[in-house]
Amino acid sequence: MDRRKAVAMLNKYVTTPHIITHSYAVENVMRALARKLEPDSEDLWGMAGLLHDLDNDLVDWQTDMSLHGPKAIEVLKEEGFGNEAMYSAICAHNPANGSKIESIMDRALYAADPITGFIRAITLVYPDQKIKSVKVKSIIKRMKDTRFAAGANRQAMKSINHLGIEFSEFAELSLNAMVEIANEIGL
Ligand SMILES: [Fe+2]
């Protein structure tokens, strides 16, 4: 599995700019989580993050959310890319398709997906709208303020606890992972 091929597929199938930047953000959070939990699988975890929304522009979210995940796997198989562990994580990040979280990587992606959007939303309320200005403590504070970014799946983010990681640590790791690629993700 080659990251250049993964990036080429992302650009081939996803044309929505904010989904592309979101994909890079999830990739880097997944890499950071892998370095902590399964260092030998960093590339695999990163590419699962990069490709988890590959079918974003191919499924009709209004009428059939259950295709989000399975459709991405269909495309990946057509392209001859990925493995079962990657397919499992991509499927399990969307419980609406009926799949269950089983592996550590499944859990990591389920939590990493919403936290990137949440940190992005927090960045955009800062006066300079720069992720470098965001503090871990404001992520924790906003987590408790359920009116803020009400659609963010807090339960999914908090479920990182199942991997023995405190939410505050996850917030810091995710923030740092996004700061590293601030330019690429437009923050
Ligand atoms: Fe996503």
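Keep in mind the model is a prediction, meaning the values are calculated, not measured.

Q: Now, about helix α7 (residues 136-144): what can you tell me, with residues and values included?
A: Among all positions in α7, only S138, I139 and M143 are buried. The buried residues of α7 occupy an angular sector of 145° when projected down its axis, which confines them to one face. Facing away from the buried side of α7 by more than 90 degrees, the exposed set consists of K137, K141 and K144. On its buried face, α7 sits against α6 (104-123), α8 (154-158) and α9 (167-180).

Q: Could you give me a rundown of the packing of α7 against α9, with the residues and numbers involved?
A: Packed helix pairs are characterised by how far apart their axes lie and by the angle those axes make with each other. Following both chains from N to C, one finds α7 and α9 inclined at 125°, their axes separated by 9 Å at the closest point. When the interaxial angle is binned, α7 and α9 end up oblique. Crossing of α7 against α9: the hand is right-handed. Two secondary-structure elements touch here, α7 through V136, I139, I140 and M143 and α9 through F167, S168, A171, E172 and L175. Across the contact of α7 with α9, the residue classes break down as seven nonpolar, one polar and one charged.

Q: An account of the environment of K158 is needed here, citing residue identities and associated values.
A: Secondary-structure assignment places K158 in helix α8. Using a relative accessible area of 44% as the deciding quantity, one classes K158 as partly exposed.

Q: Please give an account of the pattern of salt bridges that cites residues and values.
A: Evaluation of the coordinates by the stated rule reveals 11 salt bridges. With a shortest N-O distance of 3.2 Å, K5 and E79 are connected by a salt bridge. Of the two residues, K5 is situated in helix α1 (residues 3-13) and E79 in the loop between α4 (70-78) and α5 (84-92); the sequence distance between them amounts to 74 residues. Among the residues examined, K5 registers a relative accessible area of 31% and is labelled partly exposed. Residue classification places E79 among the buried residues on the basis of a relative accessible area of 19%. In this structure, E74 engages K71 in a salt bridge whose closest nitrogen and oxygen atoms are separated by 3.0 Å. Taken as a pair, E74 and K71 lie in helix α4 at a separation of three residues, close to a single helical turn.

Analysis parameters
Residues numbered from 1 in each chain as written. Predicted model: local features only at pLDDT ≥ 70, side-chain atom pairs only at ≥ 80, totals over all residues. Heavy atoms only, no water. Buried < 20%, exposed > 50% of the residue type's maximum accessible area, 1.4 Å probe, protein only. Helix = DSSP H or I, 4+ residues; strand = E, 2+ residues; numbered from the N terminus. Arc of directions from axis to C-beta. Contact = heavy atoms within 4.5 Å. Axes fitted to C-alpha atoms, helices over the stretch in contact; angles between N-to-C directions. Parallel < 35°, antiparallel > 145°, perpendicular 65-115°, else oblique. Left-handed = near helix turned anticlockwise from the far one by under 90°. Nonpolar A, V, L, I, M, F, W, Y, C, P; charged D, E, K, R; others polar. Salt bridge = Lys/Arg side-chain N within 4 Å of Asp/Glu carboxyl O.

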